[in-house]
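Each chain is listed here by its residues.
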Amino acid sequence: MTMVVPFTPRMLTGVQQVMWEAYCSGQQMDVAGEMVGLCRKSVCNRVAEAGGIRPRRGRNLQGRPLSYPERMVIEAGRLQSKSLRAIAGELGRAPSTVMREVDRNTTDGRRYRAQTAHARAFGLASRPQESKIGSTPV
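Numbering of residues begins from 1 in every chain and follows the order in which that chain's sequence is written. This being a predicted model, a pLDDT of at least 70 is required before a residue's local features are given, and a value of 80 or more before pairs of side-chain atoms are given or counted; all residues contribute to the totals for chains, interfaces and linings. Heavy atoms from the whole structure form the basis of all side-chain values; hydrogens and water molecules are not counted.

> Looking at this structure, I do not really get the overall build of the protein. What am I missing?
Note on conventions: DSSP H or I runs of at least 4 residues are helices, E runs of at least 2 residues are strands, and numbering of each starts at the N terminus. What the protein contains, in helices and strands, is eight helices and zero strands. The order of α-helices and β-strands along the protein, N terminus first, is α-α-α-α-α-α-α-α. Remark: exposure states derive from per-residue accessible area (1.4 Å probe, protein chains only) relative to the maximum for the residue type, with buried under 20%, exposed over 50%, and partly exposed in between. A burial count over the protein gives 26% of its 138 residues as buried. Expressed as a percentage of contacts within the protein between residues at least 6 apart in sequence, the contacts between residues at least 24 apart total 58%. The Shrake-Rupley method, run with a 1.4 Å probe sphere, supplies the accessible areas, and residue values consider only the shown protein chains as cover. Accessible area of the protein: about 9500 Å², with a carbon and sulfur share of 54%. We call two residues contacting when some pair of their heavy atoms lies within 4.5 Å.

> Even after reading the chapter, I still don't get the packing of helix α4 (residues 68-79) against helix α7 (residues 114-124), so can you show me in this structure?
How two helices sit against one another is set out by the angle between their axes and by the gap between those axes. Contact geometry of α4 with α7 gives a least axis separation of 9 Å together with a crossing angle of 140°. Judged by the angle between their axes, α4 and α7 are oblique. Here α4 runs over α7; the crossing is right-handed. For the pair α4 and α7, contact is made by Y68, R71, M72 and E75 and by A114, Q115, A117, H118 and A121, respectively. Three categories are distinguished: nonpolar for Ala, Val, Leu, Ile, Met, Phe, Trp, Tyr, Cys and Pro, charged for Asp, Glu, Lys and Arg, and polar for the others, with Gly belonging to the last. Broken down by class, the residue content of the contact of α4 with α7 amounts to five nonpolar, two polar and two charged. Axis lines are fitted through C-alpha atoms, for helices just across the contact stretch, and the angle between N-to-C directions can take any value from 0 to 180 degrees. For classification, angles of less than 35 degrees are called roughly parallel, those exceeding 145 degrees roughly antiparallel, those between 65 and 115 degrees roughly perpendicular, and all remaining angles oblique. Note on convention: the crossing is left-handed when the near helix lies turned anticlockwise from the far helix by less than a right angle, right-handed when the turn is clockwise.

> Teacher, can you tell me more about α7 here?
If you check which residues of α7 are buried, you get A114, A117, H118 and A119. The inward-facing, buried residues of α7 contact α4 and α6 (95-105).

> Help me out: how do you make sense of unusual backbone geometry in this one?
Within the chain, S81 stands out as a residue other than glycine whose phi angle is a positive 60°. Here S81 is to be found in the loop between α4 and α5 (84-91). Residue classification places S81 among the exposed positions, given a relative accessible area of 66%.

> Looking at this structure, I do not really get the nonpolar core. What am I missing?
One recurring pattern in soluble globular proteins is that nonpolar side chains are buried together. Counting residues in each nonpolar core, the largest one holds nine residues, listed as L66, I74, I87, A88, L91, V98, V102, Y112 and A117. For this core, the elements supplying multiple residues, two or more each, are α5 and α6. Among the elements that take part in this core, α5 stands out by supplying three residues, more than any other. Not counting residues up to four positions away in its chain, the partners in contact with V98 are I74, L84, I87, A88 and L91. With seven residues, the next largest nonpolar core counts M19, A22, A32 and V47 among its residues. As used in this record, nonpolar core signifies buried Ala, Val, Leu, Ile, Met, Phe, Trp, Tyr and Cys residues forming a set joined through side-chain atoms within 4.5 Å.

> Explain the state of the cysteines to me, please; I cannot follow it from the model alone.
Formally, a disulfide is one covalent bond, and it connects the sulfur atom of one cysteine to the sulfur atom of another. The disulfide criterion used throughout: a pair of cysteine sulfur atoms within 2.5 Å. For the structure on display, the rule yields zero disulfides. C39 takes part in no disulfide bond, and the closest cysteine sulfur to it belongs to C44, at a distance of 8.4 Å.

> I'm lost on the packing of α4 against α6 in this one. Help?
One way to put it is that α4 packs onto α6 with a least axis distance of 11 Å and a crossing angle of 80°. With respect to their mutual orientation, α4 and α6 come out roughly perpendicular. On the side of α4, the interface is formed by R71, I74 and R78, while α6 contributes V98, E101 and V102. When the residues that make up the contact of α4 with α6 are grouped by side-chain class, the tally is three nonpolar, no polar and three charged.

Treat this as a map of the structure, not an account of what it does.
What follows is the structure in structure tokens.
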């Protein structure tokens, strides 16, 4: 069973991409943080978590995974009792994609929550195994 991490703004790929663009272009960490509303220490922590290397997650993935704004549209559609096909039409996605998203993130009679769904997807997108470099000290 996967642990659900709480939603944080760093899960929004747009925020992360702007921060990494600034950092990789040679900007200082405090400048990169100011661009996205983070303090210098938060940028240092993100860079340290990634080992100083920009993560692949979120780069050039337009159209594949659902974005946070798309999940917000799904949540609003469900609150308005719209059909899954109508929501899919608004998003320009296949109805099966919306159905899987709602089924995956609605349990025990609870309503669909975009923040919870995005946090869960963010956690599941992480690599489940240790990297080759991390597992080989030499």
